[in-house]
Amino acid sequence: ILTVDGILDRWEIDHTLLDVLLVDDETGLVIGRPYFTVVLDKFSRMIMGYLLHLAAPNTETVLRVIERSIRPKVELLKRFPKVEHEWRAHGLPARLVPDNAAEFHSGDMISGFDELGIEIMYPRSRGPEMKGSIERFFRTQNMGFIHNLPGTTFSNSKKKGDYKSEKHACFTLPQLEAGIVKWIVDGYHQTPHRGLDLKTPAQVWAADEP
């Protein structure tokens, strides 16, 4: 069993295609579902960084989200004045757990992580349990936020029923990003977590922060 000794010991990274349709800022026409790339600190369950994007994930996506995860979030939060809490998560991880997608095997990315002293832990081909926490986060976000938005596609046709996602779609990418950041910082980070003995991710991070 892989043990985690503290914050910044192990991060999990993954992408998901969000279950919501977005519209273009100018035309109002539906432009499709966005991808969401997230980095999560295994010990505290804090979200270290994210990237919301319309193009399929690639190496640049990974490097941008890792850079955002390492940096303090004070400047980032200036873009989102409705967020009430601090987002204290930042720093350099010891280990990073991706999946086996091609963008995590780029030579440039691996050498960049080597220079930073970050060990990449590739899972076995059938070892998704290494990234269990981030997959649970995506489920929590779907149930608590994404599936309640106008324009949601839900997670399957049975749940969707006769809901017309295209007809109800109204969020632009910047509007969705503002909603997601507020949900993460003021919602998810402040909610007691069973895996943390009912402490919140924000409390666990603050208690372990140097």
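Anything mentioned here points back to the structure above.
This report concerns the structure included in the present document. (Residues numbered from 1 in each chain as written. Predicted model: local features only at pLDDT ≥ 70, side-chain atom pairs only at ≥ 80, totals over all residues. Heavy atoms only, no water.)

What follows covers the overall build of the protein chain. Scanning the protein chain for helices and strands turns up eight helices and seven strands. Relative to the 2.2 N^0.38 estimate, which gives 17 Å for 210 residues, the radius of gyration of the protein chain is 17 Å and therefore close to what a compact globule would have. In the protein chain, 63% of the contacts between residues at least 6 apart in sequence involve partners at least 24 apart. In the protein chain, 26 positive and 29 negative side-chain charges are present, and the distance between their average locations comes to 7 Å. (Helix = DSSP H or I, 4+ residues; strand = E, 2+ residues; numbered from the N terminus. Rg over C-alpha atoms; globule rule 2.2 N^0.38 Å. Contact = heavy atoms within 4.5 Å. Lys, Arg positive; Asp, Glu negative; His and termini not counted. Charge placed at Lys NZ, Arg CZ, Asp CG, Glu CD.)

This brings us to the pairing of strand 1 (residues 10-17). Judged by how many residues are buried, strand 1 sits mostly within the fold: six of eight residues are covered. One ladder, built from three bridges, connects strand 1 with strand 6 (residues 95-97); its direction is parallel. When the bridges of strand 6 are listed, Arg-10 appears paired with Arg-95. Summarising the sheet, strand 1 and strand 4 (residues 35-41) pair through seven bridges and their orientation is antiparallel. By the bridge assignment, His-15 is partnered in strand 4 with Thr-37. (Buried < 20%, exposed > 50% of the residue type's maximum accessible area, 1.4 Å probe, protein only. Pairing = 2+ DSSP bridges.)

A few words on the packing of aromatic side chains. Given two aromatic rings, their pairing is described by the distance between the two centres and the angle made by the two planes. Evaluation of the coordinates by the stated rule reveals eight aromatic pairs. When the centroid spacing of 6.2 Å and the interplanar angle of 25 degrees are considered together, the rings of Phe-145 and Trp-183 count as stacked. Taken together, the residues span a long stretch of sequence, with Phe-145 in the loop between helix 4 (132-144) and helix 5 (157-160) and Trp-183 in helix 7 (residues 173-187) at a distance of 38 residues. Of the residues examined, Phe-145 reaches a relative accessible area of 14% and is grouped as buried. With a centroid separation of 5.9 Å and 25 degrees between ring planes, the pair formed by Trp-183 and Tyr-188 is classed as stacked. The structure contains a cluster of three or more aromatic residues connected by ring pairs, namely Phe-137, Phe-138, Phe-145, Trp-183 and Tyr-188. Note that Arg-68 overlies the ring of Tyr-50, its terminal NZ or CZ placed 4.6 Å from the centroid. The ring of Trp-87 carries the charged tip of Lys-73 above its face, separated from the ring centre by 5.7 Å. (Phe/Tyr/Trp six-rings, centres within 6.5 Å; stacked < 30°, edge-to-face > 60°. Lys NZ or Arg CZ within 6 Å of the ring centre and 35° of its normal.)

Let us now look at the nonpolar core. Membership of the largest hydrophobic core comes to 47 residues, with the highest contact counts inside it found for Phe-36, Trp-87, Phe-137 and Leu-176. Put simply, the parts of the chain that give this core at least two residues each are strand 1, strand 4, strand 5 (47-53), helix 1 (59-70), helix 2 (74-77), helix 3 (107-116), helix 4 and helix 7. Element by element, the count of residues in this core is highest for helix 7, at six residues. (Core = buried A, V, L, I, M, F, W, Y, C linked by side-chain atoms within 4.5 Å.)

Quick look at the side chain of His-189 now. By the element assignment, His-189 lies in the loop between helix 7 and helix 8 (201-208). Judged by relative accessible area, His-189 falls into the buried class, the value being 1%. For His-189, the residues in contact, after removing those within four places along its chain, are Met-46, Ile-47, Trp-87, Ile-184, Thr-200, Pro-201 and Ala-202.

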